[in-house]
Each structure stands twice: as C-alpha cells, then as structure tokens.
Amino acid sequence: MIDILYFAWVRERIGLPKERVETQAATVADLVAELREREERYALAFADTSALRVAVDQDLADFDAPLAGVREVAFFPPMTGG
C-alpha cells in the first residue's frame, strides 16, 4: 500500500487530499498510468505530467523513480518563490 497525496489544483481535480492505494506499479509513471485508468477525474488531473512535480517519501523525484519500498508519493504543481 502506498499513500498518495495531492496538492493544489491536482487535489481540486481529483477531489481528495490523499488516499491509500494498492498498486503493482514499478515506477511513478506506471502509478500515474494506473490512476488515469480509474476515472475521468484522474485522467484530467494527470493529462499533462509536464505540469506536475512528484515527491517520493518526501524527496523530489522524477516520474521514472522506482516505487519499491516507497510509502508515500505526492503530486503537486511547480512552485515559485519570491
């Protein structure tokens, strides 16, 4: 089981701040593909992954990051500082 956290407009499109899922995904990209297949709201939220960032166990990661042993994946839009 992996905890998935959604932030900002990702959370708004999916309608949940977090959920726990059972997955066979090997990478973050595989997880996204599984989520897209669930419902249209997931497909909309993950339609353009170039507009998203991901953290795996609270460390920034790429979509090709492996999920073996991972407890948490978070999706959020890029942030700017100033």
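Residues numbered from 1 in each chain as written. Predicted model: local features only at pLDDT ≥ 70, side-chain atom pairs only at ≥ 80, totals over all residues. Heavy atoms only, no water.

## Points about the nonpolar core
Quick reminder of the rule: For this analysis, a nonpolar core means a set of buried residues of the types Ala, Val, Leu, Ile, Met, Phe, Trp, Tyr and Cys, connected via side-chain atoms within 4.5 Å. Throughout this description, buried means an accessible area under 20% of the type-specific maximum (1.4 Å probe, protein chains only), exposed means over 50%, and partly exposed covers the range between. Starting at the N terminus, helices and strands are each numbered in turn, a helix being any DSSP run of H or I of at least four residues and a strand any DSSP run of E of at least two. Two residues qualify as a contact provided that any one of their heavy atoms is within 4.5 Å of a heavy atom in the partner residue.
One finds Tyr6, Val28, Leu31, Phe46 and Phe75 to be the most contacted residues of the largest nonpolar core, which totals 23 residues. Those elements giving two or more residues to this core turn out to be strand 1 (2-6), helix 1 (8-14), helix 2 (28-38), helix 3 (40-45), strand 3 (53-56) and strand 5 (72-76). Ranked by residue count, the leading element in this core is helix 2, at four residues. Once residues within four sequence positions are removed from consideration, Phe46 is found in contact with Tyr6, Ile14, Val32, Leu35, Arg36, Leu52 and Phe75.

## What about the pairing of strand 5?
Let me state the cut-off plainly: One requirement defines pairing of two strands: DSSP has to find at least two bridges between them.
Across the five residues of strand 5, four count as buried, placing the element largely inside the fold. Where strand 1 and strand 5 come together, four bridges link them in parallel fashion. Across the sheet, the residue bridging to Ile4 is Val73, located in strand 5.

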